[in-house]
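# Descriptive analysis of the structure
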Amino acid sequence: MSVVIRLARAGTKKRPVYHVVVADSRFPRDGRFIERLGYFNPLLPKDNESRLKLDMDKVKSWLAKGAQPSDRVMRFLDAAGVKKREARSNPQKAVPRKERKAQAEAAAKA
């Protein structure tokens, strides 16, 4: 069983609130979960302390058990200083699509 720490959407239409949950990776996003660790409200300002609430003791214990955080949860943990997030680099993203397509065709011909 692979266990992940991820966000589950709650709230109403166009007013999202997310629960930070521990779930089996095979379960649906908003479906069954093992334990709720906190919440995230993206509509609040970034400097508001009630925007993100996590029970760090539970998070650390699940990480010690082998749970893998999702990308967004990993950002939260990096900001809290719990776990270091590796920088991701996609140098092709900055290149416009037409140029990428031309480069791919040129590489295929060569």
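Now for a quick tour of the structure.

### Here we look at the overall build of the protein chain
- Tallying secondary structure elements over the protein chain gives three helices and five strands in all.
- The order of α-helices and β-strands along the protein chain, N terminus first, is β-β-β-β-α-β-α-α.
- The globule rule puts the C-alpha radius of gyration for 110 residues at 13 Å, and the 18 Å found for the protein chain is more than 25% above it.
- With the C-alpha coordinates aligned to their principal axes, the bounding extent of the protein chain is approximately 55 × 35 × 30 Å.
- Here the protein chain holds 110 residues, and the buried ones make up 25% of them.

### Considering the sheet that holds strand β2 (residues 15–24)
- Reading across the sheet, the five strands line up as β4-β3-β2-β1-β5 and stay open at both edges, with mixed pairing between neighbours. The sheet is open, and its two borders are formed by β4 (52–54) and β5 (68–69), each paired with just one other strand.
- As defined by bridge partners, strand β1 (residues 3–12) adjoins β5 across two bridges and the pair is classed as parallel. Bridging from a neighbouring strand, Val4 pairs with Gln68 of β5.
- Where helix α2 (residues 71–80) meets the sheet, it contacts β1, β2, β3 (35–40), β4 and β5, and its direction lies at approximately 100° from that of β1.

### Quick notes on the pattern of salt bridges
- This structure, assessed with the given rule, holds five salt bridges.
- Put simply, Asp24 and Arg26 hold a salt bridge, and the shortest N to O gap is 2.7 Å.
- Look at Arg26 and you get exposed, because its relative accessible area is 66%.
- In this structure, the salt-bridge partner of Asp30 is Arg29, at a minimum N-O distance of 2.8 Å.
- Connected via shared salt-bridge partners are Glu35, Asp55 and Lys58.

### Points about the nonpolar core
- Ranked by internal contacts, the top residues of the largest apolar core, which has 15 residues, are Ile5, Val20, Val22, Leu37, Trp62, Val73 and Leu77.
- At the level of elements, β1, β2, β3, α1 (56–64) and α2 are the ones that each hand at least two residues to this core.
- Look past the residues within four positions of Ile5 in its chain and what remains in contact with it is Val20, Val21, Val22, Leu37, Trp62, Leu63, Ala67, Gln68, Pro69, Ser70 and Val73.

### Overview of α1
- Looking at α1, one finds that the buried residues are Val59, Trp62 and Leu63. Taken end-on, α1 shows its buried residues confined to a sector of 100°, consistent with a single buried face. Turned more than 90 degrees off the buried face of α1, the exposed positions are Asp57 and Ala64.
- Each element contacted by the buried residues of α1 is listed here: β1, β2, β3, β5 and α2.

### Notes on the pairing of β2
- In this structure, β1 lies alongside β2, joined through ten bridges in antiparallel fashion. Residue pairing in the sheet places Ile5 in a bridge with Val22 of β2.
- What sits between β1 and β2 in their antiparallel hairpin is a turn of two residues, with Lys14 showing a positive phi close to 65°.
- Pairing between β2 and β3: five bridges, direction antiparallel. Residue pairing across strands places Val21 opposite Arg36, the latter belonging to β3.

Calculation rules
- The numbering scheme is per chain: residues are counted from 1 as the chain's sequence reads.
- Only residues with pLDDT of at least 70 get local features here, since the model is predicted, and only at 80 or more are side-chain atom pairs given and counted; chain-wide, interface and lining totals rely on the full set of residues.
- In computing side-chain values, all of the structure's heavy atoms are included and hydrogens and water are not.
- Helical segments are the DSSP runs of H or I of at least four residues, strand segments are the runs of E of at least two, and each set is numbered from the N terminus.
- Our radius of gyration is a C-alpha quantity, and the globule rule it is checked against amounts to 2.2 Å times the number of residues to the power 0.38.
- We call a residue buried when its accessible area falls under 20% of the maximum for its residue type, exposed when it is over 50%, and partly exposed in between, using a 1.4 Å probe and counting protein chains only.
- We treat two strands as partners when DSSP finds at least two bridges between them.
- Two residues qualify as a contact provided that any one of their heavy atoms is within 4.5 Å of a heavy atom in the partner residue.
- With axes taken as lines fitted to C-alpha atoms, and helix axes fitted only over the stretch in contact, angles between N-to-C directions fall between 0 and 180 degrees.
- Between Lys or Arg on one side and Asp or Glu on the other, a salt bridge is scored when a side-chain nitrogen of the former is within 4 Å of a carboxyl oxygen of the latter.
- Here, nonpolar core refers to any group of buried Ala, Val, Leu, Ile, Met, Phe, Trp, Tyr and Cys residues whose side-chain atoms link them within 4.5 Å.
- Directions drawn from the helix axis to the C-beta atoms are what define this arc.

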